[in-house]
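Notes for the structure review
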Amino acid sequence: MERQRTWPWTAAVMLITALAWWPVRHAGWFWDDRGTFLENSWLLSPDFLQQSLQAHLGHWQPLSWWSLRLDRWLWTDTIGLAPVSGHLLTNVILHTLSAGALVHLLLAAARIRQRGPTTWAQPAAAAFATLAWALHPCRVESVAWATERRDVLATLFTVLGLMAWLRWRTSLASSQTFDPERGAPDVSTDQSTPRRMWLLIAALLFAASALAKAWVVALPGAILGLEIGLMGAGHLRRSVLRSAAWLALSVPVAIVAAWAQHSAGAASGAGLTVAERIVGAHASRLARSGIDDVAVVVADWQSGELRALVGGVDFWAERPGAQIPSFAVARSPGSTLKPLLYATAIDEGRVLPGFLVADIPIRRGGYAPTNYDGRFDGMVRLEDALSR
């Protein structure tokens, strides 16, 4: 298969990714969105540029702020979308572009390893690996949360930067000789301006990623892994030296990131708990099913010690009951009692798993319970009724 025939795989991955994440444009504000947007007095103010260069919410992310400001002009002021819909639509677009770029990056790496013509298996494997990343539940927080623009924006620049670096590195390997005494390339043999341009482009893209989120602190390790994985471990010293050069970018970024975290108290443990992040990640999906709030109680079943408590999705929401901890409100336990009731009846010999029970409509006063699928199947086995 020729290289130009791999574009359908990229198009298919981008289409699947866009369709999968398209519904998140209807998600609303939650968690840090209050500080990022709803209570942000400077996002649309004249001193926006100055404020964007400061640390906010534990992050230094000027490029992310600029993209959010551009969202307001494009989607809200020009097209008329609700602000949150515009921000989330841009997240979907950026994530889709990252998926397409990742397919090309993986294909380029596969060609280097194979050192031969491209077969159908290479783009298929690259597409599958990209979809496994692009559709993974861990991406929900990045795509469906407007505040996490920094994730999708930094990811796109990082993948594009790795593509440019790989282009430079492969051209370098095919054209340069190396000085074994210095353990470095003999630059006198590399007079190609386009080749050097790829390295400059990679550096600029990595710098853009750092302006969106401080992910490039791990760049030297990533470059070293690529050097060894793609070029072989026979020249480890040269690979270490080349990857260490990127410390010139990652070390300042790490220092700025630590300063931003401490300025917001994030380094001391402030922020969202794991349970709160899990609830937030599923909030928009549940809202589309008519579920407005979620509560979580996690306890050690042996000691009874509480491990986590989440009272609701968003304490600051304007809907009724948002400030009431849902776990403290008396409510019907519903089907959560069924396993206990069924197990007790079986232990006492009243029923057996194969007994038939009536799955039919009933009414108790004004209450008419239904199965989760809205159907009734007549006589069913007890063990099947447990899951209804």
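The structure displayed is predicted, hence computed values, not measured ones.

Quick notes on the overall build of the chain
When you go through the chain residue by residue, the secondary structure sums to 15 helices and 6 strands. By residue count, 37% of the 388 residues in the chain fall in the buried class. Taking contacts inside the chain between residues at least 6 apart in sequence as the whole, the part at least 24 apart equals 66%. Of the roughly 21,800 Å² of accessible surface on the chain, a fraction of 64% belongs to carbon and sulfur atoms.

Observations concerning helix H6 (residues 121-134)
In a regular helix each residue adds 1.5 Å, so 14 residues correspond to 20 Å; H6 covers 20 Å between its end C-alpha atoms and thus fits that length. Listed in full, the buried residues belonging to H6 are Gln122, Pro123, Ala124, Ala126, Ala127, Thr130, Leu131 and Ala134.

Regarding the pairing of strand E3 (residues 296-299)
Each regular strand carries side chains that alternate between the two faces of the sheet. Alignment of E3 against strand E4 (residues 306-310), held across 4 bridges, turns out to be antiparallel. Residue pairing in the sheet places Val296 in a bridge with Val310 of E4. Linking E3 to E4, which pair antiparallel, is a turn of 6 residues; within it Gly304 sits at a positive phi near 80°.

Observations regarding the pattern of salt bridges
Proximity of charged atoms lets side chains of opposite charge pair with each other. For the structure shown, the criterion picks out 8 salt bridges. Close ionic contact of Asp71 with Arg149 constitutes a salt bridge, the shortest N to O distance being 2.5 Å. Within this pair, whereas Asp71 is found in helix H4 (residues 62-79), its partner Arg149 is found in helix H8 (residues 149-175), the two being separated by 78 residues in sequence. Across this residue pair, the class does not change: Asp71 and Arg149 are buried. One network of salt bridges, with partners in common, ties together Asp300, Glu305 and Arg307.

A word on helix H1 (residues 7-21)
End to end, H1 covers 21 Å across 15 residues, agreeing with the expected 21 Å (1.5 Å per residue, within 8%). Burial in H1 covers these residues: Thr10, Val13, Thr17 and Trp21. Down the axis of H1, the buried set is contained in an arc of 65°. They therefore lie on one face. For H1, the exposed residues set more than 90 degrees away from the buried face come down to Trp7, Leu15 and Leu19.

Considering the packing of aromatic side chains
Applying the stated criterion across every chain yields a total of 4 aromatic pairs. For the pair Phe206 and Trp246, a centre-to-centre distance of 5.3 Å together with 90° between the ring planes defines the contact as edge-to-face. Of this pair, Phe206 sits in helix H9 (residues 193-212) while Trp246 is found in the loop between helix H11 (236-244) and helix H12 (247-263), placing the two residues 40 residues apart along the sequence. Linked through ring pairs, Trp42, Phe48 and Trp65 together constitute an aromatic cluster. Here the guanidinium or amino end of Arg69 rests over the ring plane of Phe48, the centre of that ring lying 4.8 Å away.

Comments concerning the nonpolar core
Counting 35 residues, the largest nonpolar core has Trp165 and Phe206 as the members making the most contacts within it. For this core, the secondary-structure elements that each account for two or more residues are helix H5 (83-114), H8, H9 and helix H10 (219-231). Looking at this core element by element, the count peaks at 11 residues for H8.

Observations regarding the side chain of Asp359
Following the sequence through the fold, Asp359 ends up in strand E5 (residues 356-359). Separated by 3.1 Å, the side chain of Asp359 and the backbone nitrogen of Asp377 make a polar contact.

As for a nonpolar patch on the surface
Together, Leu70, Trp73, Leu74, Ile79 and Leu81 give the surface a local cluster of nonpolar side chains, amounting to about 470 Å² of exposed area. In this structure, Leu74 sits in helix H4. The exposure class assigned to Leu74 is partly exposed, which follows from its relative accessible area of 30%.

Some details on the environment of Val313
Tracing the backbone through its elements, the reader meets Val313 in the loop between E4 and helix H14 (338-347). Since its relative accessible area comes to 8%, Val313 is described here as buried. Each C-alpha atom of the pair Val313 and Val279 lies 6.7 Å from the other, and the pair is 34 residues apart in sequence.

Some details on the packing of H1 against H6
The contact between H1 and H6 brings their axes to 10 Å, and the two run at 15°. In terms of orientation, H1 and H6 fall into the roughly parallel class. Relative to H6, the crossing made by H1 is right-handed. Of H6, the residues touching H1 (which contributes Trp9, Val13, Ile16, Thr17 and Trp21) are Pro123, Ala124, Ala127, Thr130, Leu131 and Ala134. Among the residues making up the contact of H1 with H6, the classes are represented as 9 nonpolar, 2 polar and no charged.

Notes on the environment of Phe157
Structurally, the position occupied by Phe157 is in helix H8. Remark: the alpha-carbon pair of Phe157 and Ala202, spanning 45 residues in sequence, is separated by 9.2 Å. In this structure Phe157 touches Leu63, Leu205, Ala208 and Ser209, once residues within four positions along its chain are discounted.

Rules used throughout
Residues numbered from 1 in each chain as written. Predicted model: local features only at pLDDT ≥ 70, side-chain atom pairs only at ≥ 80, totals over all residues. Heavy atoms only, no water. Helix = DSSP H or I, 4+ residues; strand = E, 2+ residues; numbered from the N terminus. Buried < 20%, exposed > 50% of the residue type's maximum accessible area, 1.4 Å probe, protein only. Contact = heavy atoms within 4.5 Å. Areas by Shrake-Rupley, 256 points an atom, 1.4 Å probe, with all protein chains shown as cover. Expected span 1.5 Å × (residues − 1). Pairing = 2+ DSSP bridges. Salt bridge = Lys/Arg side-chain N within 4 Å of Asp/Glu carboxyl O. Arc of directions from axis to C-beta. Phe/Tyr/Trp six-rings, centres within 6.5 Å; stacked < 30°, edge-to-face > 60°. Lys NZ or Arg CZ within 6 Å of the ring centre and 35° of its normal. Core = buried A, V, L, I, M, F, W, Y, C linked by side-chain atoms within 4.5 Å. Polar contact = N/O pair within 3.5 Å; in protein donor to acceptor, adjacent residues only side chain to side chain. Patch = residues over 30% accessible without salt bridge, like charges linked within 9 Å, V, L, I, M, F, W, Y side chains within 5 Å. Axes fitted to C-alpha atoms, helices over the stretch in contact; angles between N-to-C directions. Parallel < 35°, antiparallel > 145°, perpendicular 65-115°, else oblique. Left-handed = near helix turned anticlockwise from the far one by under 90°. Nonpolar A, V, L, I, M, F, W, Y, C, P; charged D, E, K, R; others polar.

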